[in-house]
Amino acid sequence: MPRPNPRHPNFPIPSGPELRAKGWRQEALLRLLENVLAVGEDPENLVVYAALGRAARNWEAHAGIVKALTEMGEDQTLLVQSGKPVGLLKTHAKAPLVIMANCNLVGQWAKAEYFYDLQKKGLICWGGLTAGCWQYIGSQGVIQGTYEIFMRIAEKRFNGSLAGRFILTAGMGGMGGAQPLAGRMGGAATLVVDIDPERAKMRKEIGYLETIASDLDEALALIAKAVEEKRATSVGLVANAADVYPEILRRGVIPDIVTDQTSAHDLVYGYVPRGLSLEEVRRMREEDPTALMALSRASIVPHVEAMLGFQKAGAEVFDNGNLIRTQAKEGGVTNAFDIPIFTEAYLRPLFCRAIGPFRWMALSGEESDIARIDDLLLEMFADNKIVTNWISLARQNVPFEGLPSRIAWLGHGERTRLALRVNELVASGELKGPVAFSRDHLDAGGMAHPNIMTENMKDGSDAIADWPLLDAMLMCSSMADLVTIHSGGGGYAGYMTSCGVTIVADGTEEAAARIDHAITNDTSIGVIRYADAGYEEALDEAEKAKIGHIKL
Ligand code: NAD
């Protein structure tokens, strides 16, 4: 029986032992599709996050996917082209059940305006990174990444602690909504600005945000008090970041850390320019998208100039993966790229060992299954401080959304060992149901994104998209259950290519073989990608783990 979903009553949370599909593998993918809508931002329009990231092209396509997943045998493969099912073909039981290609445009045409046109004609949709391939697990999916970034900054700049530190950021949407909670978990006083009162209200209701201030004066006073008392807090402010950032700078208040997670990548359907109400923006989206694009870019200019001003005054400022620097540069801010991207600034040594956001979803719908896996992690990785610290914090602070799920930054070898052990617990009945594993597309082997993941690679290979394509083919040859290739849509069109993978631990020997091949090979190609670019940590990992890297 599905569980009620207070946030979106029409999208219940799948749970229980009853299967609607012919086997757990198919049922798992069906539940993951239901789950991305249950935890999504605007499920009535199939939008999961990031303004336009969709779970399926339209409701007719959605119905076709559900029908195929319900009726298909284990020896068939469903083909999904940009959110629409286009074929159910006979393959074999070791082949993926679903393969997808979402939003891949030929280079010359990979531009926002072509994307919008094709979307209008109903020929394409954007899958975000994890929306179109049914891997999104709500804001919790990005919390650890945000938390790890904050803690790397703490190590670099503040003797390992964020107590008494002020983080300024913006955006409380599907991804950005994790920021107030991640900041609070790190011990900081975090101010998050969002133009949409509903987003702020919702983050407060689900326990991600503590307080909503009535104006900037109150917000800064609450932050100043928490900083003085070295007390963790999170304060929301409903306002436009392009107004608020310059005003805070003008007042001479310099936060310790500044970033931004508004949907700046999409100048039409994401970012809200200053001076316009939400209603005016919604109207312009339909009536005059070209003018809206220009207004958004013009608003991003002072927004990023203020970020540069904070940087100059000593704050640690970084781009959080929303292309805000790119938009500002196109708007004339020539030094926008003085702001570093978070991946290069803080996380690359981890990616060299394929350490990154790995996630699992309890398909039973039972929170106790995640609690048991938490215990398992603490046992298996007792010496890994990143993991033990995170799991203890997550248990106390991260509310479940949708299917009970967890994310942890695990690397090569660690992911496979965990998933194999979980498969054994499913087989023995210690867990109440199967568990699905996937990872973020922000992944060592799985992403080419020259303004986010692969910016300033040591060998200059930033824009080469061969790696995620190789990864996807490798995942098909390694028996993964779902494999997808995504490229950017909206403002991300032409900016990135990524590969996603899902593997279902249903307790069978076949699942153990799939885990062993797919998860191990997925992290192997991640290490190889960085070893090939000449990173010492990756060369060391490749050598130590004997992963089959060919070094010429
Ligand atoms: P979203 O569309 O769900 O939310 C964006 C939020 O920004 C909305 O709540 C909106 O009201 C607010 N907003 C827009 N313009 C604003 C302005 N000028 N001032 C204040 N608030 C404004 O998007 P999301 O899923 O939260 O993603 C945010 C951005 O982060 C996107 O660009 C996304 O692609 C990027 N992203 C980065 C990572 C990463 O790994 N760092 C991961 C996922 C997404």
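Residues numbered from 1 in each chain as written. Predicted model: local features only at pLDDT ≥ 70, side-chain atom pairs only at ≥ 80, totals over all residues. Heavy atoms only, no water.

S.K.: Give me the lowdown on the overall build of the protein chain, citing residues and values where you can.
M.R.: When its secondary structure is counted, the protein chain shows 18 helices and 17 strands. For 552 residues, the compact-globule formula gives about 24 Å, and the C-alpha radius of gyration of the protein chain, at 22 Å, lands near that figure. The dimensions of the protein chain, computed from C-alpha atoms along their principal axes, are 65 × 55 × 55 Å. Out of the 552 residues in the protein chain, the part that is buried amounts to 61%. For the protein chain, the share of sequence-separated contacts (at least 6 apart) that also reach a separation of at least 24 residues comes to 70%. Total accessible area computed for the protein chain in this model is approximately 20200 Å², and 53% of it derives from carbon and sulfur atoms. Positive and negative side-chain charges of the protein chain, numbering 55 and 70 respectively, have mean locations separated by a distance of 1 Å. (Helix = DSSP H or I, 4+ residues; strand = E, 2+ residues; numbered from the N terminus. Rg over C-alpha atoms; globule rule 2.2 N^0.38 Å. Buried < 20%, exposed > 50% of the residue type's maximum accessible area, 1.4 Å probe, protein only. Contact = heavy atoms within 4.5 Å. Areas by Shrake-Rupley, 256 points an atom, 1.4 Å probe, with all protein chains shown as cover. Lys, Arg positive; Asp, Glu negative; His and termini not counted. Charge placed at Lys NZ, Arg CZ, Asp CG, Glu CD.)

S.K.: Which residues make up the domain arrangement of the protein chain, and what values go with them?
M.R.: We note that the domain assignment places domain 1 (24-120), domain 2 (140-345) and domain 3 (347-544) within the protein chain. Distance from the C-alpha centre of domain 1 to the C-alpha centre of domain 2: 31 Å. Each partner contributes residues to the interface: domain 1 has 7 residues there, and domain 2 has 13 residues. Taken together, the two surfaces of domain 1 and domain 2 that pack against each other cover about 750 Å², and 61% of this comes from carbon and sulfur. (Domains from an automatic or database assignment. Buried area = accessible area lost by both parts, 1.4 Å probe.)

S.K.: Give me the UniProt feature "domain: Urocanase N-terminal" (unreviewed entry) in the protein chain: which residues, what numbers.
M.R.: Those places that UniProt annotates as "domain: Urocanase N-terminal" (unreviewed entry) correspond, in this numbering, to residues 16-134. With 31% helix and 19% strand, the stretch residues 16-134 has end C-alpha atoms that lie 19 Å from each other. (UniProt positions renumbered as here; feature names shortened; annotations may be inferred.)

S.K.: Quick rundown of the site of the ligand? Include the residues and the values.
M.R.: The local shell around the ligand holds 27 residues, among which Asp 194, Ser 263, His 265, Asn 320 and Tyr 492 are the closest. Residue Asp 194 places a side-chain N or O atom 2.6 Å away from an oxygen atom belonging to the ligand. Asn 320 places a main-chain nitrogen or oxygen 2.8 Å from a nitrogen atom of the ligand. Taken by itself the ligand offers 870 Å² of open surface, and the protein chains cover 94% of this. (Near = heavy atom within 4 Å. Polar contact = N/O pair within 3.5 Å; in protein donor to acceptor, adjacent residues only side chain to side chain.)

S.K.: How would you explain the sheet that holds strand S9 (residues 233-238) if you had to name every residue and give the values?
M.R.: Strands sit in the order S8-S9-S7-S6-S10-S11 across an open sheet of 6 strands; the sheet is parallel. Each edge of the open sheet carries a strand with a single partner, namely strand S8 (211-213) and strand S11 (316-317). As paired elements, strand S6 (residues 166-170) and strand S10 (residues 257-258) share 2 bridges and run parallel to each other. Among the inter-strand pairings, Leu 168 is bridged to a residue of S10, identified as Val 258. Contacting S6, strand S7 (189-194), S9 and S10, helix H8 (residues 241-250) runs over the sheet at an angle of about 150° to S6. (Pairing = 2+ DSSP bridges. Axes fitted to C-alpha atoms, helices over the stretch in contact; angles between N-to-C directions.)

S.K.: Go over helix H7 (residues 216-228), please, and point to the residues and values.
M.R.: Its 13 residues give H7 an end-to-end C-alpha distance of 18 Å, which sits within 8% of 18 Å, the value for a rise of 1.5 Å per residue. Those residues of H7 that fall on the buried side of the exposure criterion are Leu 216, Ala 219, Leu 220, Ile 223 and Ala 226. Buried residues of H7 fall within an arc of 125° about the axis and therefore sit on the same side. The distance from a side-chain oxygen at the start of H7 to the backbone nitrogen of Asp 217 is 3.3 Å, and the residue carrying that oxygen is Asp 215. Just past H7, the residue Lys 230 takes up positive phi, approximately 50°. (Expected span 1.5 Å × (residues − 1). Arc of directions from axis to C-beta.)

S.K.: Talk me through the UniProt feature "domain: Urocanase C-terminal" (unreviewed entry) in the protein chain; I want residue IDs and the actual numbers.
M.R.: Here the UniProt-annotated "domain: Urocanase C-terminal" (unreviewed entry) positions come out as residues 349-543. End C-alpha to end C-alpha, residues 349-543 measures 16 Å, and it is 46% helix and 18% strand.

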